[in-house]
Amino acid sequence: MSAVVTPKASYDAIIIGAGHNGLVCANYLAKAGKSVLVLERRDIVGGAAVTEEIAPGFRASIFSYLMSLLHPRIIRELDLRRYGLEILPCSDMVSPLDDGDYILFSDDIKKTQDSFRKFSVKDAEIYPEFDAYLREATDIVRKLLWETPVDPARRDWKSYKELASLAWRYRKVGRKMYRIVDMMTMSAYDFLKEWFEDERVMAVIAYYASIGTFAGPKTPGTAYVILHHIMGEHEGAGGWGFVKGGMGSITQALAASARAAGVDILTDAAVAEIKVSADKVSSVLTSDGRTFQARVVASNASAKTLYLDMLDQKLLPDEVLREIRGYRTMSTAFKMNVACERPPQYKILDKVRADGALGSFDYPTYMHIAPDIEYLERAYDDAKYGWYSSAPFLTPVCPTIVDDTLAPPGKHVVNFFGGHAPYELKGGDWKDEKEKFRKTVFDTIERFAPGFSNDVIEAQLLVAPDIERIVNLPQGHIFHGELAPDQLFFQRPVSGYADYRTPIKGLYICGSSMHPGGGVSGIPGFNAAREILRDMR
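Each chain carries its own residue numbering, running from 1 in the direction its sequence is written. Only residues with pLDDT of at least 70 are given local features in this predicted model, and only at 80 or more are side-chain atom pairs given and counted; all residues enter the totals for whole chains, interfaces and linings. Hydrogens are left out, water is left out, and the side-chain values use all remaining heavy atoms of the structure.

Elements are defined by DSSP. Helices are runs of H or I of four residues or more, strands are runs of E of two residues or more, and each kind is numbered from the N terminus. Along the protein chain, the regular secondary structure elements total 17 helices and 17 strands. We take the radius of gyration over the C-alpha atoms and set the globule estimate at 2.2 Å times the residue count to the 0.38 power. For the protein chain, whose C-alpha radius of gyration is 23 Å, the value lies close to the compact-globule estimate of 24 Å for 537 residues. The principal-axis extents of the C-alpha atoms in the protein chain amount to approximately 70 × 55 × 50 Å. For the protein chain, the proportion of contacts with a sequence separation of at least 24, taken over those separated by at least 6, is 73%. Here, Shrake-Rupley sampling with a 1.4 Å probe gives the accessible areas, and only protein chains in the shown set may cover a residue. Working note: accessible area of the protein chain is about 20800 Å², and carbon and sulfur atoms make up 50% of it. Averaging the locations of the 64 positively and 70 negatively charged side chains of the protein chain gives two centres separated by 6 Å. Residue contacts are defined here by distance: any two heavy atoms, one from each residue, within 4.5 Å place the two residues in contact. None of His or the chain ends enter the tally, which takes Lys and Arg as positive and Asp and Glu as negative. Where a charge lies is defined by one atom per residue type: Lys uses NZ, Arg uses CZ, Asp uses CG and Glu uses CD.

This is the structure:
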């Protein structure tokens, strides 16, 4: 909950939406001496990075559930640890198989090799080379994260200079750029098949291509989604991890940092309209009739919401409207947050413990359920034809193994993220099908952890329409739009306006609709703030 704020009538900048990117943008603008107001539609800050109660005494990361991408630079420069951010370790990822065995995927190359070797000597031997190849590609893309996309179609001198500058900064990449092109065009399956032979091994890595994406591992372009998910994994913040107090602790720390810098944050302040005068943004009107003036407005809301719901569409070029209407946000992701007596007792648990595979961990806090490539592809097939998966892939994580702040003593919280469950059902309605799908999810869990349903106290199931309703993401898309080649870099979200600017002077977008896309990284907010300050100067 926010502190009581008496807002001013006018600010240098107004940020629409107190999700993590909006708060990052607000922080950097305030640090540059600008007066900033953040308007949040809900009664709490955080957007999709929130911690809320799901049962008496049980709190869960409702949407985003693991920390991997929040950049160390942002953590350091905004002093988030001072404001309560504490990252806790999670175990290496474990993927159970139907035959009672499992595959371990670790930051430790040798541990991953040893696990792969049980299924393919060839795959084990080539893995270090593959890891090095992927790391080199990741290093290139990590640098690109901080770039403002240039518009290659512009022919003015300024644009030529920006293109030349970009080319010069990446002049040493050379032939390595081809691997980026490969990953942006190839399917995850085709890309991995060039390296590995065992489809169980391939599924461990291809799994990342399905997270939050309406695609299967054999869909062209999904190789890049693997890269997107692992970009923050080794970026100095401890890799994948839990946040003490849940993911809401990130946005609470960002909000505390912002308030310390002088930012005003108003909750229960939904934006009804952005006012424009003489082709320049002038003010923001809230749903309850309040008006706030500003030189600059930056929207952390989805680009679709901004362009189609908050602006008079007569102010926008026809081409922009055409492209934003076609911007793909169809989601098939779902989330289930469970309060339980004990975590899932996986059939592989005794074997994992006997092998000593998890080091100091006695329980696999981070799992992927998808035994092979065919499993992932069939989960997508169901959704492709308009229905939810009869055997969804699942990411179960259990933060309460390391975080005692989320549940009563001896009890636990488990987050399940998965796919595919389309926003719209062909020939059906979620009002009628949601409980049936809940049973499908539990049946899938029970396949690998028999008896788990008996330990459940409460289970909150969120499908795409729920996500859309609660956090205002069009069609419930967790990345604000598909991570497809035609919706990346200088085409995200629409061509000609990928540089965090819009056709309206003084109006910007600072959320995940922009480069580099979704995930709790804070980088879109940082990049947008940089461009706003550049224009203000």
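Within the secondary structure layout, aspartate 198 lies in the loop between α7 (188-193) and α8 (199-210). A polar contact of 2.8 Å, which involves the side chain of aspartate 198, links it to the side chain of arginine 200. Setting aside its immediate chain neighbours within four residues, aspartate 198 contacts Phe119, Ser120 and Asp123. Counting of polar contacts relies on pairs of N or O atoms within 3.5 Å, with two restrictions inside protein: one atom must be capable of donating a hydrogen and the other of accepting it, and residues adjacent in sequence are counted only when both atoms are side-chain atoms.

With that out of the way, let us pick up the packing of helix α11 (residues 303-310) against helix α12 (residues 318-326). In this analysis, axes come from line fits to C-alpha atoms, helices being fitted only over the stretch in contact, and the angle between any two N-to-C directions falls in the range 0 to 180 degrees. Relative to each other, α11 and α12 sit at 130°, their axes nearing to 10 Å. As summarised for this structure, α11 and α12 are arranged oblique, according to the angle between their axes. Two packed elements cross with a definite hand, and for α11 against α12 that hand is left-handed. Residues Ala303, Lys304, Tyr307 and Leu308 of α11 lie in contact with α12, whose contacting residues are Val320, Leu321, Ile324 and Arg325. Taken together, the residues of the contact of α11 with α12 break down into six nonpolar, no polar and two charged. In these notes the angle categories are as follows: under 35 degrees is roughly parallel, over 145 is roughly antiparallel, 65 to 115 is roughly perpendicular, and the rest is oblique. A crossing counts as left-handed when the near helix is turned anticlockwise from the far one by less than a right angle, and as right-handed when that turn is clockwise. Here the nonpolar group is Ala, Val, Leu, Ile, Met, Phe, Trp, Tyr, Cys and Pro; Asp, Glu, Lys and Arg are the charged ones; every other residue, Gly included, is treated as polar.

With 171 residues, the main nonpolar core has Phe191, Phe196 and Ile274 as its most contacted residues. Here this core takes eleven residues from helix α4 (residues 121-145), the largest share from any one element. Contacts of phenylalanine 196, omitting those with residues within four sequence positions, involve Phe116, Lys122, Asp123, Ile126, Tyr127, Phe130, Val201, Met202 and Ile205. To qualify as a nonpolar core, a set must consist of buried Ala, Val, Leu, Ile, Met, Phe, Trp, Tyr and Cys residues joined through side-chain atoms within 4.5 Å. Each residue is placed in one exposure class: buried if its accessible area under a 1.4 Å probe, protein chains only, is under 20% of its type's maximum, exposed if it is over 50%, and partly exposed if it falls in between. In this structure, Ile54, Ala60, Val413 and Leu473 belong to the second largest nonpolar core, which totals 16 residues.

Moving on: the sheet that holds strand β16 (residues 456-462). The strands that make up a sheet are held in pairs by hydrogen bonds between backbone atoms, and each pair lies either parallel or antiparallel. The rule for pairing is simple: two strands pair if DSSP sees at least two bridges between them. Pairing in this open sheet of four strands is antiparallel, and the strands run β14-β15-β13-β16 from one edge to the other. The open sheet has two edge strands, β14 (393-397) and β16, and neither has a second partner. Adjacent strand axes in the sheet meet at a mean angle of 20°, parallel and antiparallel pairs treated alike. Here eight bridges tie strand β13 (residues 333-340) to strand β15 (residues 412-419), and the two strands are oriented antiparallel to one another. Bridging from a neighbouring strand, phenylalanine 334 pairs with glycine 418 of β15. Strands in contact with helix α15 (residues 430-448) are β13, β14, β15 and β16; relative to β16, the strand with the most contacts, it is inclined by about 120°.

Right, let's talk about helix α9 (residues 222-230) for a bit. Helical geometry note: an α-helix holds 3.6 residues per turn, so side chains three or four residues apart project in the same direction. With respect to burial, α9 is a largely interior element, nine of its nine residues being buried. All of the buried residues in α9 are Thr222, Ala223, Tyr224, Val225, Ile226, Leu227, His228, His229 and Ile230.

The next point concerns unusual backbone geometry. Along the chain, glycine 419 connects to histidine 420 via a cis peptide bond; the corresponding omega equals 10°. With respect to the element layout, histidine 420 can be found in the loop between β15 and α15. Going from histidine 515 to proline 516, the amide bond is cis rather than trans, its omega being 5°. Residues other than glycine seldom take positive phi values, yet glutamine 475 does so here, at roughly 55°.

By definition here, a salt bridge exists when the distance from a side-chain nitrogen of Lys or Arg to a carboxyl oxygen of Asp or Glu is within 4 Å. Scanning all chains against the criterion turns up 33 salt bridges. Among the ionic pairs, arginine 438 bridges to glutamate 435, the shortest N-O distance being 3.0 Å. On the criterion of helical spacing, the pair formed by arginine 438 and glutamate 435 is a turn pair, its members being three residues apart in helix α15. Owing to a relative accessible area of 52%, glutamate 435 belongs among the exposed residues under this scheme.

Each residue carries a pLDDT value, the predictor's own confidence for that position, ranging from 0 to 100. Averaged over the protein chain, the pLDDT score is 91; the fraction of residues at 70 or greater is 93%. For the stretch residues 233-238, pLDDT sits under 50, and the model shows 18 contacts to residues farther than four places along the chain or on other chains.

Next up on the list: helix α16 (residues 464-471). Residues of α16 that are buried include every one of Ala464, Asp466, Ile467, Ile470 and Val471, and no others. Around the axis of α16, the buried residues are gathered within 155° of arc, so they sit on the same side. Packed against the buried residues of α16 are β13, α15 and β16. Just downstream of α16 lies asparagine 472, where phi reads positive at about 60°. In this context, the arc is that of the directions from the helix axis out to the C-beta atoms.

So, on to the environment of arginine 41. Take arginine 41: it is sitting in the loop between β2 (36-39) and β3 (51-55). Owing to a relative accessible area of 35%, arginine 41 belongs among the partly exposed residues under this scheme. For the pair formed by arginine 41 and threonine 51, sequence separation is ten residues and the distance between their alpha carbons is 17 Å. In this view, arginine 41 contacts Asp268, Ala269, Ala270, Arg469, Ile470, Val471 and Asn472; residues no more than four positions away in its chain are not counted. In this structure the side chain of arginine 41 is engaged in a polar contact, spanning 2.6 Å, whose partner is the backbone oxygen of isoleucine 470.

Within β14, five of the five residues are buried, leaving the element largely enclosed by the surrounding structure. Residues Phe393, Thr395 and Val397 of β14 are buried on one face, and the alternating residues Leu394 and Pro396, pointing to the opposite face, are buried as well. Two strands pair when backbone bridges link them, and β14 and β15 are joined in this way by five bridges, in the antiparallel orientation. Residue valine 397 lies in a different strand from β15, and its bridge partner there is asparagine 415.

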